[in-house]
Amino acid sequence: MDSLIKNGLLVTSTNQIQASVGSKDGLIAGIYDPGEEPKANEIIEAEGLAILPGAVDMHSHHRQGSEPGFEYKDTIYTSTQQCAAGGVTTSVAMPNVNPPPNTLDLLKKQFSIYESDSIVDWNFNPAPTVNDEIPLLAKQGIAAFKIFMVVDTGRNYPHMPGIGVHDHGRLLEIMQHCAKVNIPLMIHPHDQALMDVIEKEFWERQERDALAYAKAYAAHDGVIWETAIATVLRLQRAAGCHLHILHTQTSGSVDLIRQAKAAGQKVTCEINPWALFLGCDWSTIERLGSYALSYWVPEKNAPGLWEGLNDGTIDIVATDHAPHTSEEKEIGWQDGWKAHTGTPSTQFYISMLLTAALEGKISLERVVDAVATNPAKIFGVQNKGDIVPGNHADIVLVDLENEYEIKDEDVLSLTGWTPYAGRRLRGKTILTLLRGKPVYKDGKVVGDKGYGEQAIARQST
Ligand SMILES: [Zn+2]
């Protein structure tokens, strides 16, 4: 045995027990009752700590593409440093980089940056916007394709022209291609035609700031989200692909997805930390403006969202980690449509979920399921997401006892800020192991650039 994590609270998706976990050659070798462990070269004392599987984050934005573009916000290196510190051992990124990978050639170029720069294991969701490339992209071990239905007005990032698709015919066609190659399709649902009308009403009233932006996106009880979800659910029924809906954030969306699942449709979905912990409180939006956006999730949605997450209608939690600079947010006080949307969240979301579990909002097991086990299962990410013999020794030790405070100066993103500064949480990461090796230890990222490997996904047929 190479190493033994001794006598911690092992939390899996199904139970929590006091146990020790052994690893050998980067793989989990065994789980033992305290006092019954075999000998090991290295002992890691875990008394008083919880042992969790490393998180598998299916939705992150690492900003760096094969040509210069958005690296001033964050790079693959700095993004994956935040992953290591936050207990994320597999991070899957989205295609809104420069240029957006939608061909085999561009995807391979993108992969090569990860191979040289990533600290944690990684994968990348290309954009399925070129029909002939889809079968080629599908053979690269990818976990999913990604489509944004949103096209930005007033700015050209984060939803740049060329990757937004909201034409229903094109969506159906893309879904048919994804079904043929048996790769899930992630969709950011958005009804652009309705948004055009809603935005116009706000602008005609001279309401343009971040608060107006928040209200526009939440207008008419989240109509832009729910009509888009209803549409893509109906198209899924026509195409038969595996549809994975992003940004679930209204209780009406949860109802639609619950119905589709009950009818046997191949649909899964995510929720993002900001919907549970940030945008769900109007006073936060007033205080932080564009720094709090992504979106406003009016308070009345919270019970339905937590219920959906607890009962599994919402399958997974994914970060939608989306760093932007302070300058790109400050402009939102005057013009919310010009501010780049999204919030950084990789570094602290596990702590926020664990704190919610300790407050009784969700079980520890369901947190582990939603951040690690279920994402690996749904997307066929091999040997990840669960602490069982034979899987990669991707293990996180967290402190569930002591509180700590989130501070801007601890943020590892190039942007240097977090909307969660000042919060007191439990569940601080103490140690992150990736394939048996520490990538975060004693408050420091210790993982090497380029240690991360592609987390290969294999879809069951
Ligand atoms: Zn996103």
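An account of the accompanying structure is given in this report.

The protein atoms donating to the zinc ion are His59 (NE2), His61 (NE2) and Asp320 (OD), with metal-donor distances spanning 2.1 Å. Between the donor residues of the zinc ion, the gaps in sequence give the motif H-x1-H-x258-D.

Following the sequence through the fold, aspartate 320 ends up in the loop between strand E13 (316–317) and helix H12 (326–330). Apart from the residues within four sequence positions on either side, aspartate 320 is in contact with His59, His61, His247, Asn272, Trp274, Ser294, Thr343 and Ser345.

Residues Met175, Ile187, Ile245, Leu309 and Tyr349 are the most contacted members of the largest nonpolar core, which totals 118 residues. For this core, the leading source of residues is helix H7 (residues 219–239), giving 9 residues. Residues in contact with isoleucine 187, not counting those within four places in the same chain, are Ile147, Met149, Leu171, Met175, Val232, Leu243, His244, Ile245 and Leu246. The next biggest cluster of nonpolar side chains, apart from the first, holds 16 residues, and it includes Met94, Met186, Leu246 and Ala457.

This next bit is on helix H6 (residues 210–217). Within H6, 6 of the 8 residues are buried, which leaves the element mostly enclosed by the surrounding structure. For H6, the full list of buried residues reads Ala210, Ala212, Tyr213, Ala214, Ala216 and Tyr217. As for H6, its buried residues are in contact with helix H5 (192–204), H7 and helix H10 (282–288).

The description of an aromatic ring pair uses the distance of the two centres, along with the angle that the planes make with each other. Going through the model one piece at a time under the given rule, you end up with 13 aromatic pairs. Measuring from ring centre to ring centre gives 3.8 Å for phenylalanine 70 and tyrosine 157, while their planes differ by 25 degrees; the resulting arrangement is stacked. Of the two residues, phenylalanine 70 is situated in the loop between strand E6 (55–60) and helix H1 (76–86) and tyrosine 157 in the loop between strand E9 (145–148) and helix H4 (168–181); the sequence distance between them amounts to 87 residues. With a relative accessible area of 1%, tyrosine 157 lands in the buried category. Note that lysine 428 overlies the ring of tyrosine 404, its terminal NZ or CZ placed 4.7 Å from the centroid. Lying over the aromatic face of tyrosine 77, lysine 449 brings its terminal NZ or CZ to 4.9 Å of the ring centre.

Turning our eyes to something else, we now look at the sheet that holds strand E8 (residues 121–124). Pairing within the open sheet is parallel, and its 3 strands lie in the order E6-E7-E8. Where the open sheet ends on each side, the last strands, each with one partner, are E6 and E8. Across the sheet, the mean angle separating the axes of adjacent strands is 20 degrees when strand polarity is ignored. Helix H2 (residues 104–117) contacts strand E7 (88–93) and E8 of the sheet and is inclined by roughly 165 degrees relative to E8.

Of all 6 residues making up E6, 6 are buried, and the element is well covered by its neighbours. Of the strand pairs in this sheet, E6 and E7 are connected by 4 bridges, and their pairing is parallel. Bridging across to E7, valine 56 finds its partner in threonine 90. Following the backbone out of E6, through H1 and into the adjacent parallel E7, one traces a crossover that is right-handed.

Moving on to the sheet that holds strand E11 (residues 243–245). Judged by pairing direction, the sheet is parallel, and its 5 strands sit side by side in the order E9-E10-E11-E12-E13 without closing on themselves. Either end of the sheet is taken by a strand with one partner, and the two such strands are E9 and E13. When strand E10 (residues 185–188) meets E11, the two strands line up parallel, connected through 3 bridges. Bridging from a neighbouring strand, isoleucine 187 pairs with isoleucine 245 of E11.

The topology assignment puts serine 118 in the loop between H2 and E8. The contact partners of serine 118, leaving out residues within four places of it in the chain, are Ile76, Thr80, Ile113, Asp448, Lys449, Gly450, Tyr451 and Gly452.

Along the chain, glycine 54 falls in the loop between strand E5 (50–53) and E6. Each C-alpha atom of the pair glycine 54 and glycine 87 lies 5.7 Å from the other, and the pair is 33 residues apart in sequence. Every residue in contact with glycine 54, bar those within four places of it in the chain, is listed here: Gly87, Thr89, Ala372, Asp394, Ile395 and Val396.

Take the pattern of salt bridges next. Inspection of the entire model under this criterion finds 19 salt bridges. In this structure, aspartate 221 engages lysine 300 in a salt bridge whose closest nitrogen and oxygen atoms are separated by 2.6 Å. Here aspartate 221 is found in helix H7, whereas its partner lysine 300 is found in the loop between H10 and helix H11 (302–311), with 79 residues between them in sequence. On the basis of relative accessibility, which here comes to 52%, the residue aspartate 221 falls in the exposed class. Judged by its relative accessible area of 56%, lysine 300 falls in the exposed class. Taking the shortest distance from any N to any O, the salt bridge between aspartate 394 and lysine 384 comes out at 2.7 Å. Highlighted residues: aspartate 394 in the loop between helix H14 (364–379) and strand E14 (395–399) and lysine 384 in the loop between H14 and E14, separated in sequence by 10 residues.

Parameters and conventions
Residues numbered from 1 in each chain as written. Predicted model: local features only at pLDDT ≥ 70, side-chain atom pairs only at ≥ 80, totals over all residues. Heavy atoms only, no water. Donors = N, O, S within 2.8 Å, 3.2 Å for Na, K, Ca; no water. Helix = DSSP H or I, 4+ residues; strand = E, 2+ residues; numbered from the N terminus. Contact = heavy atoms within 4.5 Å. Core = buried A, V, L, I, M, F, W, Y, C linked by side-chain atoms within 4.5 Å. Buried < 20%, exposed > 50% of the residue type's maximum accessible area, 1.4 Å probe, protein only. Phe/Tyr/Trp six-rings, centres within 6.5 Å; stacked < 30°, edge-to-face > 60°. Lys NZ or Arg CZ within 6 Å of the ring centre and 35° of its normal. Pairing = 2+ DSSP bridges. Axes fitted to C-alpha atoms, helices over the stretch in contact; angles between N-to-C directions. Right-handed = clockwise from strand over helix to strand, strands pointing away. Salt bridge = Lys/Arg side-chain N within 4 Å of Asp/Glu carboxyl O.

Keep in mind these values describe shape, not function.
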